[in-house]
Structures are given as C-alpha cells and as structure tokens.
Amino acid sequence: MKSRKRSTSWAKLFERNLKTMTRMASTSTASTRRRASPLVAPSTLAPGGGTWTPGVAMGATGMRRFRIYRPPGIAFGERLPLMVMLHGCGQDANRFALSTKMNQLAARERFLVLYPEQDRIANGQGCWNWFATDNGRAYGEAALIMNAIDQACLLYPGDRTRVAVAGLSAGASMAALLVARHPERFKAVVMHSGIPPGTAHSGLSALGAMHGHRETPPLVAASWPPLLVVHGAADHVVSPQNGRAAARVWAEAADAQAGEVRRVQRGQRHPMQVTDFKRQGRTVATLVAVDRLAHAWSGGAAREPYSDGKGPDASRMAWAFASRQFRS
C-alpha cells in the first residue's frame with residue numbers, strides 16, 4: 001500500500017513539474033512567438049469552445065514547443081483519438097492550424113490535435129530536419145516529437161492506442177520517419193507533398209530528392225500502419241514523383257497490389273486521381289494525385305500560405321482515413 005501511494009505521489013509531482021516547466025518555457029518565449037506569428041482571434045484556433053494550449057517537450061537533444069487542441073465537453077476518464085500534425089517549412093503551429101482547419105474538424109468529430117513546432121535555431125526556415133540521418137539530427141527531432149506525443153497522452157486525454165500522424169512537405173517526411181522508427185505507435189500516417197523515408201540522408205541529397213532525382217530504396221514496412229499520400233500534380237517544389245514512390249514502396253513492402261485508378265471530383269474543387277493498394281482486401285496505401293494543385297495543403301484556408309482552398313479537403317481525407325484504421 002505504501003509503495004502504491006509513493007508511486008502515485010511521484011506521478012503527481014512529475015505532472016506538476018512538467019506543467020510548471022511548460023508554463024515557464026511558454027512565457028519566456030512569448031515575445032518571440034508574437035513576432036514570428038501574427039495575432040489570431042482565439043476562437044479561430046479554439047473553435048467550438050475548445051482549448052488551444054501551449055506546451056513543451058524535452059529530451060536528451062533539447063526541447064520543442066507544441067500546441068494542442070482539445071474539443072469541449074471531454075468527460076472525466078474519457079480518452080480521445082490523437083491526430084499529430086507536423087507543419088512544413090515557413091510555418092509554425094498557429095499557421096498550420098489555420099491553414100489546415102483541422103481544429104474545426106476536431107471540434108465536430110471530437111479528437112485531439114497535437115502540433116509539434118520546429119525551433120528556428122534548429123532550422124532557419126522552420127523545416128523539420130527529416131533528412132539529417134547521417135549526423136543523427138533527424139532521429140533527435142523524432143525523439144522529441146515522440147516525447148510530445150507521450151506528454152499529450154499523459155497530461156491530456158489522448159488515447160495511446162488511437163494515434164495518427166500527418167504532415168506537409170518536410171512535416172510529411174518527418175511523419176514517415178516517425179512511423180519508420182516507431183510503427184507500433186501509430187495506426188495511420190498521412191504524407192502531403194512529402195518525400196518517402198530513405199530517399200535522402202543529408203541536406204544536399206534532400207535537394208536532389210525534392211526534384212525527383214533520387215531513387216527510394218525498398219522499405220522493410222510489412223507491419224507498418226496504412227499510408228495515405230496526397231500530392232499535387234502541379235507541385236514544382238517537391239516533385240510528384242515522390243508521392244508515387246512513397247505509395248509504391250509502402251505497397252511493395254506489404255506485397256500489396258494497385259487497384260484501378262479512380263477519377264473523383266467533389267463540386268467545383270480540383271479533380272483527383274485515387275489509387276488504392278490492397279493486400280487480401282486490406283488497404284495498405286492510398287495515393288491521391290490532385291490535378292492543378294501546387295505545393296500547398298489541399299482544401300486549406302484560401303488566404304494562408306502553402307494552402308489551396310480550391311483543392312479537395314485533405315484534412316477531411318486524413319481524418320476519414322485515420323478513423324477507419326482506429327475502428328479496424
């Protein structure tokens with residue numbers, strides 16, 4: 001009995017200390033964050049009466065700030081699915097949340113959204129260093145993101161058995177790296193305009209990969225979670241070849257076969273070509289190639305950078321894809 005009380009006390013102390021450090025880190029960088037990201041109405045980032053909470057994840061390689069959106073009306077003891085959103089270059093948590101409108105979707109569908117944020121000291125453009133595997137920097141950043149996920153499940157009502165990760169551009173490539181290193185932790189992964197794992201190992205090779213000049217090696221991914229790829233056919237920043245390569249190597253690793261390409265158009269939005277890769281009736285990967293879409297989040301807020309309001313809604317597609325895996 002004494003041992004149980006002691007462990008409970010330590011857990012509570014750990015949570016209090018973690019919350020204190022989060023508050024201190026958020027306060028100490030408040031002026032920097034205001035300069036980096038314009039002021040936004042709270043109701044925009046916390047729709048439906050939800051909360052938009054800052055936090056910080058720490059590890060052996062440093063620390064990274066994050067934001068988490070929680071929908072209103074969470075009951076005591078309730079655990080909600082967690083969608084992890086990794087921004088692209090030139091973005092932060094605020095801008096990515098505004099662009100994708102994922103918080104509005106989470107308010108309706110009732111799930112948590114975690115936005116880890118890259119530090120400009122680690123990358124001047126705000127890009128995740130997914131490619132820096134030779135020097136280990138990519139793995140250090142991946143570990144910090146995993147710490148943020150653990151923290152979200154510890155301090156907020158995140159369900160560790162229902163976690164999906166999605167990202168744009170460099171965030172998409174980091175999402176794939178997270179799944180490559182911790183496949184058992186995720187139920188689904190969504191790559192929007194990214195480069196598949198193993199295609200680059202340094203900054204120079206990443207530039208070649210962006211232009212489609214590097215081959216993606218085979219993956220040992222037979223037990224990895226299902227992959228959704230969304231890529232613009234008019235993307236001149238990250239070649240659409242990367243989207244096709246990601247779906248192909250994911251499918252080949254699981255011995256999945258491509259089905260017929262379906263042309264889909266919803267209202268006046270850009271049409272898309274959809275290909276499912278299946279093995280024994282189970283979807284291993286889905287490739288969505290969006291016509292006329294450049295390097296931007298499909299269906300995002302029209303006035304935000306790296307966002308195309310005329311595309312099919314990638315946030316809805318990502319959540320629908322992830323929620324199917326949560327139920328399987």
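Predicted model, so just to flag it, every value in this text is computed and none were measured.

*Asks:* What is the right way to read empty space enclosed by the protein from this model?
*Replies:* To find leftover empty space, a probe the size of one water molecule is rolled over the atoms. One pass over the structure, following the stated rule, counts 1 cavity of 30 Å³ or more. Around the largest cavity sit Ala 57, Arg 64, Arg 65, Phe 66, Pro 116, Leu 144, Ile 145 and Ala 148, which together line it. Those elements giving two or more residues to the lining of the largest cavity turn out to be β2 (62-70) and α6 (137-155). A per-class count over the lining of the largest cavity returns 6 nonpolar, no polar and 2 charged.

*Asks:* Teacher, can you tell me more about the environment of Pro 218 here?
*Replies:* Along the chain, Pro 218 falls in the loop between α8 (203-210) and β7 (227-232). Sequence spacing of Pro 218 and Val 249 is 31 residues, and the spatial spacing of their C-alpha atoms is 5.8 Å.

*Asks:* Looking at this structure, I do not really get the layout of surface pockets. What am I missing?
*Replies:* Estimates place the volume of the largest pocket at around 440 Å³. Along the wall of the largest pocket there are 23 residues; nearest its centre are Thr 286, Met 317, Ala 320, Phe 321 and Arg 324. Those elements giving two or more residues to the lining of the largest pocket turn out to be β9 (262-264), β10 (272-279), β11 (282-290) and α10 (314-327). Element by element, the count of residues in the lining of the largest pocket is highest for α10, at 6 residues.

*Asks:* What am I meant to see in the state of the cysteines here?
*Replies:* By definition, a disulfide is the covalent link that joins the sulfur atoms of two cysteine residues. The full count for this structure, using the stated rule, is 1 disulfide. Paired through a disulfide, Cys 89 and Cys 127 show a sulfur-sulfur distance of 2.0 Å. With the S-S dihedral at roughly 130 degrees, the linkage between Cys 89 and Cys 127 falls on the right-handed side. Of this pair, Cys 89 sits in the loop between β3 (80-86) and α4 (93-100) while Cys 127 sits in the loop between β4 (112-116) and α6, and the two are 38 residues apart along the sequence. On the basis of relative accessibility, which here comes to 25%, the residue Cys 89 falls in the partly exposed class. Using a relative accessible area of 11% as the deciding quantity, one classes Cys 127 as buried.

*Asks:* What exactly am I supposed to notice about helix α5 (residues 102-109) here?
*Replies:* Along an α-helix, residues three or four positions apart point the same way, because every turn accommodates 3.6 residues. Within the span of α5, buried status applies to Met 102, Asn 103, Leu 105 and Ala 106. With its buried residues spanning 160 degrees around the axis, α5 presents them on a single face. At the exit of α5 stands Arg 110, carrying a positive phi of roughly 65 degrees.

*Asks:* How should the confidence of the model for the chain be read in this particular structure?
*Replies:* Any region with low pLDDT has predicted coordinates that should not be read closely. The predicted model of the chain averages 90 in pLDDT, with 87% of residues at 70 or higher. Here residues 1-36 is a poorly scored stretch, pLDDT under 50, and it has 23 contacts once near neighbours within four places are set aside; other chains count.

*Asks:* How do you make sense of the packing of α6 against helix α7 (residues 170-181) when you look at a structure like this?
*Replies:* In a packed pair of helices, the relevant descriptors are the angle between the two axes and the axis-to-axis distance. At a minimum axis distance of 10 Å, the contact between α6 and α7 shows a crossing angle of 80 degrees. Compared by their axis directions, α6 and α7 come out roughly perpendicular. Along the contact surface, α6 presents Ala 138, Tyr 139, Glu 141, Ala 142, Ile 145 and Met 146, while α7 presents Met 174, Leu 177, Leu 178 and Arg 181. Among the residues making up the contact of α6 with α7, the classes are represented as 8 nonpolar, no polar and 2 charged.

*Asks:* Explanation requested: the environment of Arg 244 in the structure shown.
*Replies:* Position of Arg 244 relative to the elements: it lies in helix α9 (residues 240-253). Residues Arg 244 and Leu 287, spaced 43 residues apart in sequence, show a C-alpha to C-alpha distance of 7.1 Å.

Definitions and cut-offs
- Residues numbered from 1 in each chain as written.
- Predicted model: local features only at pLDDT ≥ 70, side-chain atom pairs only at ≥ 80, totals over all residues.
- Heavy atoms only, no water.
- 1 Å grid on protein atoms, 1.4 Å probe; cavity = no way out; pocket = protein on both sides within 12 Å on 5 of 7 lines; lining within 4 Å.
- Points joined across faces, edges and corners; volume = space filled by probe spheres on them.
- Helix = DSSP H or I, 4+ residues; strand = E, 2+ residues; numbered from the N terminus.
- Nonpolar A, V, L, I, M, F, W, Y, C, P; charged D, E, K, R; others polar.
- Disulfide = S-S within 2.5 Å.
- Buried < 20%, exposed > 50% of the residue type's maximum accessible area, 1.4 Å probe, protein only.
- Arc of directions from axis to C-beta.
- pLDDT = per-residue confidence, 0-100.
- Contact = heavy atoms within 4.5 Å.
- Axes fitted to C-alpha atoms, helices over the stretch in contact; angles between N-to-C directions.
- Parallel < 35°, antiparallel > 145°, perpendicular 65-115°, else oblique.

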